[in-house]
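Summary of structural features
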Amino acid sequence: MKRVCIISQHFPPEKSGNASRIYDTAVHLAKLGIDVTVLAPHPTFPTGSFPRTWRRAREGAVDGVRVVRLWTWQPGSGDPGFTSRMAYYLLFPLHALLWLCSPRNRFDVIITSAPPLFTGIPGYVLRRTTRVKWILDIRDLWIDASISLGFLREGSTYEKVSRKFEEMCLARADLVGVTTEELGRRISSRYRVTAPIELMPNGVNTDFFRPTNSGKKQQIIYAGNVGHAQDLEKVALAVKSMNGTYNLKLLIVGDGDTREYLERLVKAENLTESVIFTGILPREEIPGLLSESLVGVAPLKRLETLEYAAPTKAYEYMACGIPFIGCGNGEIAHLAQESGAGVIAENTPEAIAATLSSLLDDPEKRGEMGRRGREYVAEHYDRRAIALKLKQQIERITWTGA
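Residues numbered from 1 in each chain as written. Predicted model: local features only at pLDDT ≥ 70, side-chain atom pairs only at ≥ 80, totals over all residues. Heavy atoms only, no water.

1. Things to note about the sheet that holds strand β14 (residues 342–345)
A sheet is described by the order of its strands in space; here six strands give the open sequence β11-β10-β9-β12-β13-β14, paired in parallel fashion. At either end of the open sheet lies a strand with only one pairing partner, and these are β11 (275–279) and β14. Looking at each pair of strands side by side, their axes are set apart by 25° on average, direction ignored. Two elements, strand β9 (residues 219–223) and strand β12 (residues 295–299), share two bridges in a ladder whose sense is parallel. Across the sheet, residue Ile221 finds its bridge partner in β12, namely Gly296. In the packing of helix α12 (residues 349–360) onto the sheet, contacts are made with β9, β12, β13 (324–327) and β14, and the angle to β14 comes to roughly 155°. (Pairing = 2+ DSSP bridges. Helix = DSSP H or I, 4+ residues; strand = E, 2+ residues; numbered from the N terminus. Axes fitted to C-alpha atoms, helices over the stretch in contact; angles between N-to-C directions. Contact = heavy atoms within 4.5 Å.)

Take a look at the structure:
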């Protein structure tokens, strides 16, 4: 039996898209006969929402998967400063490396999930010093996104060091997984990558995310990280402009760095009756909330550095049989067109309002888009099938011949 260790900054009970992705991947691999261990920090994200702990490590089992929680710095606020954020990101992979250096903790394959970039530290070191195979799972161009969103200064020492480390990781990995084809093209155009680049999309658990019998409500929904890459303020202002006609509510389900800013905006615009912040909800409640909504929104900011992104939330909307409105270029536009389940609006309140109105006025079109979306993700993005492909890749890179 192959022994695989997945290193991830996020894992349930955290509610991020990658937490659920890592959980589903690990559980499906375990069901396929892989001995899986997940290394993750004590629950932290969204920062400030979990109690701090100084416990060095805690081990348990979740649905057939061994889960080891390791200490890292836990920021105490919802939008931590640079030093606190970097301590959270950097101390965990260093702790993971120390844990993996113990003779008791030997694996055939290590999978590191990035971002953050630093999760690659234990993979890089152990690939150079042991015979372990390393799969580098890349979900995001973290450095480029940090520059475009203003968190990192282009040309700074930090950027140069980060790019050098990313280059070193890509040169050492045995396999590079990417969530979209565009992400793979951008990585291969910037760096010299000798390992195979394989598509390992975010996907969705189509058994869990499925249409329910909930009756429809006069609401649209955003479910996911409330972060800097999302243009949620434009959606809120679009709802404001429409509510003389539609009496529409916008549910924002989740938490993140920009929630407090959005709450202030909603209050200033007298939208507290129309824009509802639910906070983080139990995962079991999400399919019902999606199913009873008319439309899901996935409003990425229109930045070149986000064109590779296909948000997990869009797959979840489709799996629950509702159409989605996206903003942004690149992969999300390709997903909308290819699936027939989404439409793309310009990043202005007026354009979002016009696109929403056209869908709200056409229930038959919404229903057809919802059916197409469900069929599309079940065929192309089911996480069970993605895990099976990953298992085959694990067997390939560890095969030693007869």
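2. Here's the deal with the pairing of strand β1 (residues 3–7)
Within β1, four of the five residues are buried, which leaves the element mostly enclosed by the surrounding structure. Bridge analysis of β1 against strand β2 (residues 35–41) gives five bridges, and the strand direction is parallel. The partner of Arg3 across the bridge, within β2, is Asp35. Chirality of the crossover, the property in question, places the unit of β1, helix α1 (residues 17–31) and β2 among those that are right-handed. The pairing of β1 with strand β5 (residues 109–114) spans four bridges and is parallel. In the sheet register, Cys5 faces β5, and the bridge partner there is Ile110. (Buried < 20%, exposed > 50% of the residue type's maximum accessible area, 1.4 Å probe, protein only. Right-handed = clockwise from strand over helix to strand, strands pointing away.)

3. Considerations on the side chain of Thr398
Assignment of secondary structure puts Thr398 in helix α14 (residues 383–398). A polar contact of 3.5 Å, which involves the side chain of Thr398, links it to the side chain of Lys2. At 2.7 Å, the side chain of Thr398 forms a polar contact with the backbone oxygen of Ile394. Every residue in contact with Thr398, bar those within four places of it in the chain, is listed here: Lys2, Asp108, Val109 and Lys133. (Polar contact = N/O pair within 3.5 Å; in protein donor to acceptor, adjacent residues only side chain to side chain.)

4. Structural notes on the pairing of strand β3 (residues 57–62)
In the case of a regular strand, side chains alternate between the two sheet surfaces. As paired elements, β3 and strand β4 (residues 65–70) share six bridges and run antiparallel to each other. Considered in β4, the bridge of Ala61 is made with Arg66. Hairpin connection between β3 and β4: a loop of two residues separates the two successive antiparallel strands, and Asp63 in this loop has a positive phi of roughly 50°.

5. Remarks on the sheet that holds strand β6 (residues 133–138)
The eight strands are arranged β3-β4-β2-β1-β5-β6-β7-β8 in an open sheet whose pairing can be described as mixed. Looking at which strands have only one partner, the edges of the open sheet turn out to be β3 and β8 (197–199). Sheet twist, expressed as the mean angle between neighbouring strand axes with direction ignored, is 20°. This element, helix α5 (residues 157–172), spans β6 and β7 (175–178) of the sheet and lies at about 130° to β6.

6. Notes on a nonpolar patch on the surface
Together, Leu90, Leu91 and Leu94 make up an exposed nonpolar region whose accessible area comes to about 210 Å². Within the secondary structure, Leu91 sits in helix α2 (residues 82–100). Overall, Leu91 belongs to the partly exposed group, its relative accessible area being 34%. (Patch = residues over 30% accessible without salt bridge, like charges linked within 9 Å, V, L, I, M, F, W, Y side chains within 5 Å. Areas by Shrake-Rupley, 256 points an atom, 1.4 Å probe, with all protein chains shown as cover. Salt bridge = Lys/Arg side-chain N within 4 Å of Asp/Glu carboxyl O.)

7. Observations regarding the nonpolar core
Grouped together as the largest cluster of nonpolar side chains are 104 residues, with contacts concentrated most on Leu39, Leu100, Ile220, Leu248, Leu250 and Leu290. Looking at which element gives the most residues to this core, the answer is α2, with eight residues. In contact with Leu248, not counting residues within four places along its chain, are Gln218, Gln219, Ile220, Val239, Met242, Asn243, Ser274, Leu294, Leu356 and Leu360. (Core = buried A, V, L, I, M, F, W, Y, C linked by side-chain atoms within 4.5 Å.)

8. Examining α12
Between its first and last C-alpha atoms α12 spans 16 Å; for twelve residues at 1.5 Å apiece the expected length is 16 Å, and the two agree. The element α12 is extensively covered by neighbouring structure, given that nine of its twelve residues are classed as buried. Inspection of α12 places Pro349, Ala351, Ile352, Ala353, Thr355, Leu356, Ser357, Leu359 and Leu360 among the buried residues, and these make up the whole buried set. Buried positions along α12 lie against β9, α7 (232–242), β12, β13, β14 and α13 (363–380). (Expected span 1.5 Å × (residues − 1).)

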